[in-house]
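Okay, here's what each chain looks like letter by letter:
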Number of protein chains: 2
Amino acid sequence: MPDSDIDLLLTGDELMSGDTVDSNSAMIAQALMLSGQKIAQKVTLGDERKRLMAALSESTQRASVLIMNGGLGPTQDDLTAELIAAAAGVPLVLHPDAEQHVRRWCGERSIEPNDANLKQAWLPEGAELIDNPVGSAVGFALDIAGTLVLTTPGVPSELRAMLPAVCARVTHKLGGGELYRLRLQTFGIGESTAQALIDDDKTHWPDDVVLGFRAGMPQLEIKLTASADTPDVQRCRQTLERLFGDHILGEDDTTLAGAVQAVLRNQGKKLVTAESCTGGLIASMMTAEAGASSVFEAGFVTYANDIKQSVLGVSEATLETDGAVSEAVVVQMLRGALQRSHADIGIAVSGIAGPGGGTDDKPVGTVWLAWGSADDLHTWHTVLPTDRRMFQQLVAAAGLDLVRRQLLGLPRLPHYFSRRAI
Amino acid sequence: MPDSDIDLLLTGDELMSGDTVDSNSAMIAQALMLSGQKIAQKVTLGDERKRLMAALSESTQRASVLIMNGGLGPTQDDLTAELIAAAAGVPLVLHPDAEQHVRRWCGERSIEPNDANLKQAWLPEGAELIDNPVGSAVGFALDIAGTLVLTTPGVPSELRAMLPAVCARVTHKLGGGELYRLRLQTFGIGESTAQALIDDDKTHWPDDVVLGFRAGMPQLEIKLTASADTPDVQRCRQTLERLFGDHILGEDDTTLAGAVQAVLRNQGKKLVTAESCTGGLIASMMTAEAGASSVFEAGFVTYANDIKQSVLGVSEATLETDGAVSEAVVVQMLRGALQRSHADIGIAVSGIAGPGGGTDDKPVGTVWLAWGSADDLHTWHTVLPTDRRMFQQLVAAAGLDLVRRQLLGLPRLPHYFSRRAI
């Protein structure tokens, strides 16, 4: 008698050689989590008949649900349907609905279906089809001795499109249903600090409320999951909002640049950037978000000193006396950028990203930032000795957060780059 | 008697919940591949004593080598040492070298080692230490009934630092040794086209030469692996260079921007960018590479029409008659950027990244590019209907390749965005 476990079996030579990083299993796990389900064991194998058969046999003896990922395609390496038929002791048959799916998919692309295409319609006898809205390979469900076996494609976009149907079948088998989930995006707080804030708080967390973190770069996501949206759960949400306060950027997939865009839009303001060491990264982050044109008009990447002079009007004398990485220069860069645009607020950065260019006075990692408007201008500097790309990303993120806090009338963080803060 | 297989056992609740995408196993697989070794089976489990014990017991019966990843840290969840000791039937003992490592690590951070820190020095009796040059948790090696068990930390930077020692132990056990490997970075050619070029070529590929691809965004890596560097292998290398010709950007980790930097540096030239729809991404790609300051001085992000006028001198009349996304405007953007810098060559782009802003005449995805110098100026346009970020990335990559080809006197590609080309 199998217990109520979910096994995941992934197949693909590219997963064993290290050529592909497996993001599918995280996608499946997150979708199941939202249905209140959890994967117990994950096995990954190459496209090898003998090992796959052994793993299938083990899982169908042990688990209530086995989700397979990969091996549904048209080539000879794609063994999933054949092996599941063998494990169930049934033949492969041409499934009429699957055949229709393949013929329609080929027809939409003006392709005459060949044997390889049609191979994808040969499924184990008795299998129920799981529709693939975006690809030619359908998935299927089959009961093998009490274990529900579900197959899914290895192509991430196809997997994503099929997951709701897969999760519905798992929920139907194991019970449970859609959960309440809140995802808060925060900036400027690290995972251990976040945990300590929650631990030190006296709030009672109901047993069915699960808190989790996901550390991204540069954000930290705080997740709250519960079986249903109750007044108790809303009190937990309020606690999180109280504890994390102005670190909270927004919900779901809100990014730092998206949060800055939203504040600018609310206030009817526009941003200008003047970048040296970040080389256009701040502008690029701002314009990666749809809707940038209403809040962002111009960015200046003034990498060389004479460009700082000719394009932004930084004074040659200041560059000589203070150096390019200095408070006076970022202030002049900011003033120049504000004057040359219609922007209400600006951010200017100059620093030494490395690996070369450091001195005893100004080691690699030194950075000056200026932000604000012509009559409300602020500066800050720090030293962040890390590799070039990390330096650029952290400086750009801190710059955007400084702008966000300025717009919202919040104080800047006391530490942006310390281990605790990021 | 175990056969000569390598098993990988990963542990961590975060790998089962989908909160973390596992990139460690790909890193381990690639390192082993370079030693001529391959992983046969990969099992991933949460931090659960019973399941981990069962998996350990299975692997030590079946495999010659078991690499464990994760569970070496200071917390109660970190079970690896304890479980391996149990599987080997030996006690945990305070390992003097491991204790010294932990005390030194804490000392460098002015921390007094506590019980949690020192827990990491309790290893199975008889274990040999694998040094961790960057973290507090050492790895170790232990023979369990003929299976070599190797433990590695879950933190990617620590794992990376320990992999050479781990691979050396695997090679010592299984034989083999360092392979010859060539990695060519290419742009503008897709995986299926690359495969077809190789298949159609009459070159004989020796049996011990393995070819592989890794599709990045936007590059395609072509990998050649052989047991040793022989004249035969060098002939294969020449074949690849002949087949992929000017698509080849360079070896190892060369990026498109890095290749452009190298050509600029060789020719003593500088680049300027004038970006609308890519919003600073091209400048950001150029400056992400160390050494940018000698070949890149300035970038203009002219997102709004009046900024195109005031900053780059684009004519109001042209903007009105032709629109911002037009050949005439990108030419004027390019001329303006060249005049306002000391650059020898420039790239200008204007397009509709979407999701809004499209018209019947100029749908979302329309883009115009201009590149070259004042007296040798070229333009091109296309329509690339995809999502905003992909659009920006593909346009930026194509822009950099157009610059590279111009500098090298090569023709531009006939197709940059078709499915075959990218």
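Regarding the overall build of chain A
Along its length, chain A carries 15 helices and 17 strands. Burial status across chain A gives 46% buried among its 422 residues. Within chain A, counting contacts between residues at least 6 apart in sequence, those at least 24 apart form 67% of the total.

A few points about the sheet that holds strand β11 (residues 219-226) of chain A
Residue and element names in this part refer to chain A. Pairing in this open sheet of four strands is antiparallel, and the strands run β10-β11-β9-β12 from one edge to the other. In this open sheet, the two strands that pair with only one neighbour each are β10 (210-215) and β12 (248-251). For this sheet, the mean inter-axis angle between neighbouring strands, taken without regard to orientation, is 25°.

Quick notes on the relation of the copies chain A and chain B
Relative to chain B, chain A is turned by 180° and slid 0.3 Å along the rotation axis, the superposed coordinates differing by an RMSD of 0.3 Å. Classification of the inter-copy transformation places it as that of a two-fold axis. In this assembly, 100% of the residues forming the interface of chain A have copies in chain B that are likewise at the interface, indicating an isologous arrangement.

As for the nonpolar core
Ranked by size, the top nonpolar core spans 125 residues in total, and within it M333(A) and M333(B) carry the most contacts. Look past the residues within four positions of M333(B) in its chain and what remains in contact with it is A274(B), T302(B), K308(B), L312(B), V314(B), A348(B), S350(B) and A370(B). Residues I39(B), I84(B), V138(B) and L148(B) belong to the second largest nonpolar core, which totals 95 residues.

Here we look at the sheet that holds strand β6 (residues 128-130) of chain B
Within the open sheet, the 12 strands sit side by side as β6(A)-β7(A)-β8(A)-β3(A)-β1(A)-β2(A)-β2(B)-β1(B)-β3(B)-β8(B)-β7(B)-β6(B). Their pairing is mixed. Looking along the sheet, the strands with just one partner apiece sit at the ends: β6 (128-130) of chain A together with β6 of chain B. Each strand axis lies, on average, 20° off the axis of its neighbour in the sheet, ignoring direction. Bridge count for β6(B) against strand β7 (residues 139-144) of chain B is three bridges, and the pairing is antiparallel. Looking across to β7(B), one finds that L129(B) is bridged to F140(B). Across the sheet, helix α3 (residues 49-62) of chain A is in contact with β1 (6-11), β2 (39-45), β3 (65-69), β7 (139-144) and β8 (147-152) of chain A together with β2 (39-45) of chain B; its angle to β1(A) comes to roughly 170°.

Let's talk about the interface of chain A and chain B
How big an interface is tends to be stated in terms of the accessible area lost upon association of its parts. Between chain A and chain B, the residue contacts involve 51 residues of the former and 51 residues of the latter. For the side of chain A that touches chain B, the secondary structure elements donating two or more residues are α2 (24-34), β2, β10, α11 (281-288), β14 (296-302), α12 (305-312) and α15 (388-408) of chain A. In terms of residues, the side of chain A that touches chain B owes the most to one element, β14(A), which gives seven residues. Pairing analysis gives five bridges linking β2(A) to β2(B), with the strands arranged antiparallel. When the bridges of β2(B) are listed, T44(A) appears paired with K42(B).

Considerations on unusual backbone geometry
Residue and element names in this part refer to chain A. Residue P355 is bonded to the preceding G354 through a cis peptide linkage, with omega at 0°. The phi torsion at D252 lies on the positive side, around 55°, for a residue other than glycine. By secondary structure assignment, the location of D252 is in the loop between β12 and α10 (256-267).

Here's the deal with the domain arrangement of chain A
Entries for chain A in the domain assignment read domain 1 (6-174), domain 2 (180-251) and domain 3 (256-408). Put simply, the middle of domain 1 of chain A and the middle of domain 2 of chain A, counted by C-alpha atoms, are 35 Å apart.

Overview of the pairing of strand β16 (residues 366-373) of chain A
Residue and element names in this part refer to chain A. Most of β16 is tucked away, with seven of its eight residues classed as buried. For β16 and strand β17 (residues 376-383), the ladder comprises eight bridges, and the chain directions are antiparallel. The residue bridging G372 from the neighbouring strand is L377, located in β17. In this structure, the hairpin formed by β16 and β17 is closed by a connection of two residues.

A few points about the pairing of strand β11 (residues 219-226) of chain B
On a regular strand, one side chain projects to one face of the sheet and the next to the other, so that they alternate. Residue and element names in this part refer to chain B. Of the pairings in the sheet, the one linking strand β9 (residues 180-187) to β11 comprises eight bridges and is antiparallel in character. Looking at β11, one finds that R183 is bridged to K223. Both strand β10 (residues 210-215) and β11 contribute to a ladder of six bridges, which runs antiparallel. What sits directly across from V210, in β11, is T225. Turn length for the β10-β11 hairpin, with the two strands adjacent in sequence and antiparallel, is three residues.

Regarding helix α11 (residues 281-288) of chain B
Most of α11(B) sits inside the fold, with eight of its eight residues counted as buried. Taken together, the buried positions of α11(B) are occupied by L281(B), I282(B), A283(B), S284(B), M285(B), M286(B), T287(B) and A288(B).

Quick word on the packing of helix α2 (residues 24-34) of chain B against helix α7 (residues 156-174) of chain B
Residues and elements named next belong to chain B. At a minimum axis separation of 10 Å, α2 and α7 run at an interaxial angle of 35°. In this structure, the crossing between α2 and α7 has a hand that is right-handed. Where α2 abuts α7, its residues N24, M27, I28, A31 and L32 lie against P156, L159, R160, L163, C167 and V170. Its residues assigned to classes, the contact of α2 with α7 comprises nine nonpolar, one polar and one charged.

The rules behind these values
- Residues numbered from 1 in each chain as written.
- Chains lettered and ligands numbered in written order.
- Predicted model: local features only at pLDDT ≥ 70, side-chain atom pairs only at ≥ 80, totals over all residues.
- Helix = DSSP H or I, 4+ residues; strand = E, 2+ residues; numbered from the N terminus.
- Buried ≥ 20, exposed ≤ 12 C-beta atoms within 10 Å, placed from the backbone.
- Contact = placed C-beta atoms within 7 Å.
- Pairing = 2+ DSSP bridges.
- Axes fitted to C-alpha atoms, helices over the stretch in contact; angles between N-to-C directions.
- Least-squares fit on C-alpha atoms with pLDDT ≥ 70 in both.
- Core = buried A, V, L, I, M, F, W, Y, C linked by C-beta atoms within 7 Å.
- Domains from an automatic or database assignment.
- Left-handed = near helix turned anticlockwise from the far one by under 90°.
- Nonpolar A, V, L, I, M, F, W, Y, C, P; charged D, E, K, R; others polar.

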